[in-house]
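Descriptive analysis of the structure
For reference, the chains in residue letters:
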Amino acid sequence: MIDRLDKKLLQALHRNARASNADLAASVGLTPTPCLRRLRRLEREGVIRAYRPTFDYEKLGFVITGLAFVKLQRNSVDNSQAFEQAVTHLPAVTECCVVTGSHDYMLRIVARSLGEYERLLKHDLAAIDTVADIESSIILNQVDCSADLPL
């Protein structure tokens with residue numbers, strides 16, 4: 001059961017996952033020991049799955065970020081598993097989401113150039129046997145949204 005203090009702790013972590021336990025405790029109105037116990041419980045229960053950095057892809061040389069919307073030949077368990085397994089081997093795919101609507105998946109892909117992005121779509125993604133169709137959009141600018149979760 002997630003209570004009010006857990007929610008405050010999660011919001012503080014969402015804003016800054018590198019905050020020290022002492023800083024987290026102060027921000028939620030606890031002392032460090034009970035704060036750490038709550039944090040460990042949230043990790044054990046799977047509410048907190050991982051701590052990951054958010055990268056500025058452009059500063060790393062990835063000037064193109066695109067969204068590829070993929071339709072499978074047939075939306076079946078076998079096709080889905082085969083597709084998902086194949087995409088996990090494409091390092092340029094930074095996100096893979098199952099979606100509703102006219103497509104089955106949405107992928108976020110990073111590339112160093114338009115040519116590289118095109119090769120990723122045509123040679124890597126389109127080569128996956130279960131893929132029927134790909135629609136793609138290039139992200140022109142990413143707007144940062146609120147760091148707060150609607151808890």
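Residues numbered from 1 in each chain as written. Predicted model: local features only at pLDDT ≥ 70, side-chain atom pairs only at ≥ 80, totals over all residues. Heavy atoms only, no water.

Here's the deal with empty space enclosed by the protein
Keep this limit in mind: Points on a 1 Å grid, built from protein atoms alone, make a cavity when a 1.4 Å probe fits but cannot get out and make a pocket when they are open with protein on both sides within 12 Å along at least 5 of 7 lines; residues with an atom within 4 Å of a point are the lining residues. Grid points are joined across faces, edges and corners, and a volume is the space filled by probe spheres set on the points. A run of H or I in DSSP counts as a helix once it spans at least four residues, and a run of E counts as a strand once it spans at least two, with each numbered from the N terminus. Amino acid classes used here: Ala, Val, Leu, Ile, Met, Phe, Trp, Tyr, Cys and Pro are nonpolar; Asp, Glu, Lys and Arg are charged; the rest, including Gly, are polar.
Using the criterion set out here, one finds one cavity of 30 Å³ or more in the structure. Each pocket or cavity is described by its volume, and for the largest cavity that value is around 30 Å³. Taken together, Leu-90, Ala-92, Val-93, Ile-109, Leu-120, Asp-124 and Leu-125 form the lining of the largest cavity. It is helix α5 (residues 114-125) that provides the largest number of residues to the lining of the largest cavity, a total of three residues. In the lining of the largest cavity, the residues fall into six nonpolar, no polar and one charged.

So, the pattern of salt bridges
Side chains that carry opposite charge are capable of pairing whenever their charged atoms lie near each other. Spelled out, the test is: A pair is scored as a salt bridge if a Lys or Arg side-chain nitrogen falls within 4 Å of a carboxyl oxygen belonging to Asp or Glu. Working definition: with a 1.4 Å probe on protein chains only, accessible area under 20% of the residue-type maximum means buried, over 50% means exposed, and in between means partly exposed.
On inspection of all chains with the given rule, the structure shows seven salt bridges. Here Glu-118 ties to Lys-122 by a salt bridge, and the two come within 2.5 Å at their closest N and O atoms. Of the two residues, Glu-118 and Lys-122 both sit in helix α5, four residues apart, roughly one turn of that helix. In this structure Lys-122 comes out as exposed when scored by relative accessible area, which is 53%.

So, the layout of surface pockets
Volume-wise, the largest pocket comes out at about 1800 Å³. Of all the secondary structure elements, the ones that give two or more residues to the lining of the largest pocket are α1 (4-15), β1 (64-72) and β2 (93-98).

Focus: the side chain of Asn-79
Applicable threshold: Any N or O atom pair separated by 3.5 Å or less is treated as a polar contact, with the protein-specific requirement of one donor-capable and one acceptor-capable atom, and with residues adjacent in sequence counted only for side-chain atom pairs. Whether two residues are in contact is decided by their heavy atoms: any pair within 4.5 Å suffices.
One can find Asn-79 in helix α4 (residues 77-87). Looking at Asn-79, the relative accessible area reads 16%, which means it is buried. Within polar-contact distance, the side chain of Asn-79 engages the backbone oxygen of Arg-74 at 2.7 Å. Not counting residues up to four positions away in its chain, the partners in contact with Asn-79 are Leu-72, Arg-74 and Thr-130.

Remarks on the packing of helix α2 (residues 21-28) against helix α3 (residues 32-44)
Rules: Helix axes are fitted to C-alpha atoms over the stretch in contact, other axes to C-alpha atoms as well, and angles between N-to-C directions run from 0 to 180 degrees. By the definition adopted for this analysis, an angle is roughly parallel if under 35 degrees, roughly antiparallel if over 145, roughly perpendicular if from 65 to 115, and oblique otherwise.
Relative to each other, α2 and α3 sit at 95°, their axes nearing to 9 Å. Classed by the angle they form, the pair α2 and α3 counts as roughly perpendicular. In this structure, α2 uses Asn-21, Ala-22, Leu-24 and Ala-25 to contact α3, whose residues at the interface are Pro-32, Cys-35, Leu-36 and Leu-39.

Some remarks on the packing of aromatic side chains
Quick note on the threshold: In summary, the pairing rule links any two rings of Phe, Tyr or Trp, Trp by its six-membered ring, whose centres are within 6.5 Å, and it sorts them by plane angle into stacked for under 30 degrees, edge-to-face for over 60 and tilted for everything else. Whether a charge sits over a ring depends on NZ of Lys or CZ of Arg being within 6 Å of the ring centre and within 35 degrees of the ring normal.
A full pass over the atoms with the stated rule returns three aromatic pairs. Between the aromatic rings of Phe-55 and Tyr-57, the centroid separation amounts to 6.5 Å while the plane-to-plane angle is 55°, which identifies the pairing as tilted. Looking at Tyr-57, the relative accessible area reads 27%, which means it is partly exposed. Arranged with centres 6.4 Å apart and planes meeting at 80°, the rings of Tyr-57 and Phe-62 form a pair that is edge-to-face. Taken together, Phe-55, Tyr-57 and Phe-62 form an aromatic cluster joined through their ring pairs. For the cation-ring pair, Arg-112 lies above Phe-62, with the distance from its terminal atom to the ring centre recorded as 4.2 Å.

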